[in-house]
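# Coordinate analysis (summary)
Chain by chain, the residues run as shown.
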Number of protein chains: 2
Amino acid sequence: NRIRATMSGPPSPVAEFPYLPQSHRDLMLDLRSAVEARLGPHLLPSAVPPDVLSFHSPSGASHGALDIRSGGRDSPVDFILESWLHCELPTGALNITTLFAFLDAATDAPHLLMEFIQSSPSSLILFTDLLPRKDLVLHPDYLDEFYQQTNLDKPRQELAKLPQVQPYCSSSLYIRSVLSPTAIAVCINCGEDGQSMMEDIMRGQLDAICKEIVRIWLDTCASSSKQLGETERADLRRRDGLIKNKTIEIDLAANLPRMFSPEVANRVVGEIQKAFKI
Amino acid sequence: NRIRATMSGPPSPVAEFPYLPQSHRDLMLDLRSAVEARLGPHLLPSAVPPDVLSFHSPSGASHGALDIRSGGRDSPVDFILESWLHCELPTGALNITTLFAFLDAATDAPHLLMEFIQSSPSSLILFTDLLPRKDLVLHPDYLDEFYQQTNLDKPRQELAKLPQVQPYCSSSLYIRSVLSPTAIAVCINCGEDGQSMMEDIMRGQLDAICKEIVRIWLDTCASSSKQLGETERADLRRRDGLIKNKTIEIDLAANLPRMFSPEVANRVVGEIQKAFKI
């Protein structure tokens, strides 16, 4: 089946997406396949324990799955984190799916972030970006190489044209600072009874745009390596470390305990911190 | 009169704003007064020659005024640049008014940018921001000090609530990179016959928001000084230099020649480069 075909090991619970609408699940599986096809052979097997690969809240109202694979010695990949979270709320189901691919200091090429926050079948928040590893104001050449030459602003512009799309501003100024000028941070709202319109947008524009961004990242970033000096590597590690720490502090540590209980959240966050090496 | 009362020398043509709607002119004069009242005694007299203080295109279709004052020895102000440009286009009048206040390496506090681009009496693009002097990802404390603690996101959020307000994205990725996460970059469009609504917004929300931002900058940035090491000062100078160079390249050098002829544009840009020390 679709899942098995793309996995080099046994299928991970993170590849099941049991609560997503079909169009969304198809997109997630295609994105996984694309990443796996290119990077799979260069990734180490998952070392995530079963109670983090799949977990739920004590009440059973929230379910989640998380997998992390580190890059091998021949790969500039630091780790690839995939997760989905599902939570039954009084207002409906909340589904958060995340693909986060971090590179190490063998290159200064951007990281990949893609997150879908679906709080109803007819609305969705999408965050996706190639996260800069450097201060773009000081490094216009870097901006040119990874953002201008790759035409990364085009998918953003195309999505912004849809009448259902509104900009979405993270409440965290730090998260906003981490994003590149071509970041997609939008809320897509198809209104009540907009479920089939949302499915159409997912199969149409979102499918095309997300695949294009992953393609750009795979082509331009994920296999790049540069001759960097030791100072430059140290600077990259320091900046990456801050992004990792802050993301956990702002995003996960704030939300997971509420959804899954502090005990489950600690277990999951602990595993992420291990992969993040912080 | 209003202009004379706020000036320490003879009134500069830049303070006349002869082509602006009354509400807009009033706001610009009030902003000038606020800056002048606080910083005036610490600024040197203008050294801008008369043919740049006031200029026009060979055909007479475009008029402009520019004034620059440098900070004195006791001031962290590098320079304050004020300008207005007016151009009669087949589609209507274009008015661009700019207030740009740059600090020097005596502090790392943000610069002030405020620019109004009015292409019709019922629509306006507003750019305003405190421009960060540092990579915010690497310096969360800086983000906290100047953006979080000052509650700078509040005016942005308030403006975004107006139905006439849409986000405006500069076509330059570099300009987008220079902005802070609380930058206001919006297009305000009041539709055909929306001139009086635009005047109301100008006297109401825009007046309040722009004054609040200038107040925050004056209180928190314009009189700050820090004990910075020589390396840190050199880093600030390098980053500021890039912002200055790129702003001229992207904004002025691209637009002024078209509006004013290459000769006039060269004269004006040359004077700005002198003030920018580049």
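Below you will find a few notes about this structure.

Calculation notes
Residues numbered from 1 in each chain as written. Chains lettered and ligands numbered in written order. Predicted model: local features only at pLDDT ≥ 70, side-chain atom pairs only at ≥ 80, totals over all residues. Heavy atoms only, no water. Helix = DSSP H or I, 4+ residues; strand = E, 2+ residues; numbered from the N terminus. Rg over C-alpha atoms; globule rule 2.2 N^0.38 Å. Buried < 20%, exposed > 50% of the residue type's maximum accessible area, 1.4 Å probe, protein only. Polar contact = N/O pair within 3.5 Å; in protein donor to acceptor, adjacent residues only side chain to side chain. Contact = heavy atoms within 4.5 Å. Pairing = 2+ DSSP bridges. Axes fitted to C-alpha atoms, helices over the stretch in contact; angles between N-to-C directions. Core = buried A, V, L, I, M, F, W, Y, C linked by side-chain atoms within 4.5 Å. Least-squares fit on C-alpha atoms with pLDDT ≥ 70 in both. Arc of directions from axis to C-beta. Parallel < 35°, antiparallel > 145°, perpendicular 65-115°, else oblique. Left-handed = near helix turned anticlockwise from the far one by under 90°. Nonpolar A, V, L, I, M, F, W, Y, C, P; charged D, E, K, R; others polar. Buried area = accessible area lost by both parts, 1.4 Å probe. Salt bridge = Lys/Arg side-chain N within 4 Å of Asp/Glu carboxyl O.

### Here's the deal with the overall build of chain A
Within chain A one finds nine helices and eight strands. Here the C-alpha radius of gyration of chain A, 18 Å, is about what a compact globule of 278 residues would show, namely 19 Å. Seen through its C-alpha atoms, chain A measures out along the principal axes to roughly 55 × 45 × 40 Å. Taken across its 278 residues, chain A has 57% of its residues classed as buried.

### Details of the side chain of Arg239 of chain B
Note that Arg239 of chain B resides in helix H8 (residues 230-260). Polar contacts involving the side chain of Arg239 of chain B include one to the side chain of Asp135 of chain A, which spans 2.7 Å. Those residues in contact with Arg239 of chain B that sit more than four places away from it in its chain are Asp135, Val137 and Leu138 of chain A together with Pro132, Arg133, Lys134 and Asp135 of chain B.

### A word on the sheet that holds strand S8 (residues 184-189) of chain B
Residue and element names in this part refer to chain B. Read from one edge of the open sheet, eight strands run S1-S2-S3-S4-S5-S6-S8-S7, paired in antiparallel fashion. Strands with a single pairing partner mark the edges of an open sheet, and in this sheet they are strand S1 (54-56) and strand S7 (165-167). For this sheet the average axis-to-axis angle between neighbouring strands, irrespective of direction, equals 15 degrees. Across three bridges, S7 lies against S8 in antiparallel orientation. Paired with Pro167 across the bridge in S8 is Val186. In this fold H8 packs onto S1, strand S2 (62-70), strand S3 (77-89), strand S4 (92-103) and strand S5 (111-120), with an angle of close to 20 degrees to the strand it touches most, S3.

### Observations regarding the nonpolar core
Generally speaking, soluble globular proteins have nonpolar side chains that are buried together. With 88 residues, the main nonpolar core has Leu39, Leu130, Tyr147, Leu159, Ile188 and Trp217 of chain B as its most contacted residues. If one sorts the elements of this core by residue count, helix H7 (residues 195-220) of chain B sits on top with 11 residues. Residue contacts for Leu159 of chain B: discarding those within four places in its chain leaves Leu126, Val165, Ile184, Val186, Leu206 and Ile209 of chain B. Listed in part, the 87 residues of the second largest apolar core include Ala65, Val137 and Trp217 of chain A together with Leu179 of chain B.

### A look at the relation of the copies chain A and chain B
Superposing chain A onto chain B takes a rotation of 180 degrees combined with a translation of 0.0 Å along the rotation axis, leaving an RMSD of 0.0 Å. The superposition of one copy onto the other is thereby described by a two-fold rotation axis. Looking at the rotation axis and the C-alpha trace of chain A, the residue lying nearest is Asp135 of chain A, at 2.7 Å.

### Details of the side chain of Ser177 of chain B
Looking at the secondary structure, you find Ser177 of chain B in helix H6 (residues 173-178). Its relative accessible area of 15% is what places Ser177 of chain B among the buried residues. Residues within four places of Ser177 of chain B in sequence aside, it is in contact with Leu136, Val137, Leu143 and Pro181 of chain A.

### Here we look at the sheet that holds strand S3 (residues 77-89) of chain A
Residues and elements named next belong to chain A. On the basis of which strands lie adjacent, the open sheet formed by eight strands has the order S1-S2-S3-S4-S5-S6-S8-S7 and antiparallel pairing. Strands at the two margins of the open sheet, each flanked by one partner only, are strand S1 (54-56) and strand S7 (165-167). Averaged over all neighbouring strand pairs, the angle between strand axes comes to 15 degrees, with direction disregarded. Along the sheet, helix H2 (residues 22-39) makes contact with strand S2 (62-70), S3, strand S4 (92-103), strand S5 (111-120) and strand S6 (123-131), crossing S5 at roughly 165 degrees. The strands that helix H8 (residues 230-260) touches are S1, S2, S3, S4 and S5; relative to S3, the one it contacts most, it runs at about 20 degrees.

### Examining helix H5 (residues 153-160) of chain B
Residues Asp153, Pro155, Arg156 and Leu159 of chain B constitute the buried set of H5 of chain B. For H5 of chain B, the angular spread of buried residues about the axis comes to 165 degrees, placing them on one side. On its buried face, H5 of chain B is in contact with helix H6 (173-178) of chain A together with strand S6 (123-131), S7, S8 and H7 of chain B.

### With respect to the packing of H8 of chain B against helix H9 (residues 262-276) of chain B
Residues and elements named next belong to chain B. Look at H8 against H9: their axes get within 8 Å of each other, and the N-to-C directions meet at 155 degrees. The orientation of H8 with respect to H9, classified from their angle, is roughly antiparallel. Crossing of H8 over H9 shows right-handed handedness. Counting all contacts with H8, which are made through Lys244, Ile248, Leu252, Leu256, Pro257 and Phe260, the residues of H9 involved are Pro262, Val264, Ala265, Val268, Val269, Ile272, Gln273 and Phe276. Considering only residue class, the contact of H8 with H9 consists of 12 nonpolar, one polar and one charged.

### Examining the interface of chain A and chain B
Between chain A and chain B, the contact holds 24 residues from the first and 24 residues from the second. Counting each side, the surface lost to burial between chain A and chain B is near 2200 Å², with a carbon and sulfur contribution of 67%. Among the residues of chain A in contact with chain B, Val137, Leu138 and Leu173 of chain A are the three that bury the most area, contributing 29% of the side total. Put simply, chain A and chain B have four salt bridges between them. When the shortest N-O distance is used, the salt bridge between Asp153 of chain B and Arg176 of chain A registers 2.6 Å. For the pair chain A and chain B, the number of links is eight residue pairs in polar contact (both at pLDDT 80 or more). Broken down by secondary-structure element, the contributors of at least two residues to the side of chain A that touches chain B are helix H4 (140-148), helix H5 (153-161), H6 and H8 of chain A. Across the side of chain A that touches chain B, the residue classes tally to 14 nonpolar, three polar and seven charged.

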